[in-house]
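Results of the structural survey
Below, each chain spelled out in residue letters.
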Amino acid sequence: GFLVHAMEYVWKKYKMKGYKSRVDYASKYLWGFDFDERSTKISRAIMLISGDGKSHIYKENSLEFHNWGGKLEGDLKSEKLVKNSNNKELLFNILLTNPPFAGDIKEKHLMSLYDIVDDKKNDIGRHILFIERSIDLIESGGRLGIVLPQGIFNNTNEEPIRDYIGKKARILAVVGLDGNSFKPHTGTKTSLLF
């Protein structure tokens, strides 16, 4: 549903000069990734109904960019959105994401792909990897909005994560959300980081 709202907002506000219809610009500029098959199918269907005839919605594990291939990799390259050959750094202008908070990553081969990981640790929160991944997905000067657990911003043991974010990006705002924002799915207190 979010992509539909984004598509309508951009179309109405900017009139997307040079594009005849929402389908023309949406098929070039709106992209989505999700690991869940059901979510990607629903997103594709909603985008199709809303006028995006060629959705760039992919079922992929965003964290395992080194395993991407096929249609996604081809589409990213044809749209000149790949900064380097292994898909780690892409060139999106704006990224809005709500990564999963649950679970730790323990696979050393996956942890080794990320600079944010302390080599001495045996595991790391999935959402921590998504911080680095999200920054890698946007071009220099791009904009990011990410939902994160509130603890990232006020737990003393998360200071290295805050330092990493401060070195890689310019923080525009941190907006605290109500504890009920994502219920019944989670009661975790969250914030939006821009």
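Residues numbered from 1 in each chain as written. Predicted model: local features only at pLDDT ≥ 70, side-chain atom pairs only at ≥ 80, totals over all residues. Heavy atoms only, no water.

1. Topic: the nonpolar core
One finds L76, Y114, I116, I124, L129 and I131 to be the most contacted residues of the largest nonpolar core, which totals 35 residues. Those elements that provide at least two residues to this core are α4 (70-78), β3 (92-97), α5 (108-111), α6 (126-137), β6 (138-149), α7 (151-154) and α8 (159-168). Here this core gets six residues from one element, more than from any other, and that element is α6. Contact partners of L76, with chain neighbours within four places excluded, come to W31, W68, L81, V82, L90 and F92. (Core = buried A, V, L, I, M, F, W, Y, C linked by side-chain atoms within 4.5 Å. Buried < 20%, exposed > 50% of the residue type's maximum accessible area, 1.4 Å probe, protein only. Helix = DSSP H or I, 4+ residues; strand = E, 2+ residues; numbered from the N terminus. Contact = heavy atoms within 4.5 Å.)

2. Considering the pattern of salt bridges
Summed over the entire model, instances satisfying the criterion amount to six salt bridges. Taking the shortest distance from any N to any O, the salt bridge between K83 and E89 comes out at 3.6 Å. We classify K83 as exposed; its relative accessible area is 54%. Residue E89 is classed as partly exposed on the basis of its relative accessible area, which comes to 28%. Put simply, E132 and K88 hold a salt bridge, and the shortest N to O gap is 3.0 Å. Remark: K88 occurs in the loop between α4 and β3 and E132 occurs in helix α6; sequence separation between them is 44 residues. Accessibility classification places E132 together with K88 in one group, the buried group. (Salt bridge = Lys/Arg side-chain N within 4 Å of Asp/Glu carboxyl O.)

3. So, the environment of I152
Counting through the fold element by element, I152 comes out in helix α7. Residues I152 and T190, spaced 38 residues apart in sequence, show a C-alpha to C-alpha distance of 9.3 Å. When near neighbours in sequence (up to four residues on either side) are disregarded, I152 contacts H127, I128, I131, E158, I161 and R162.

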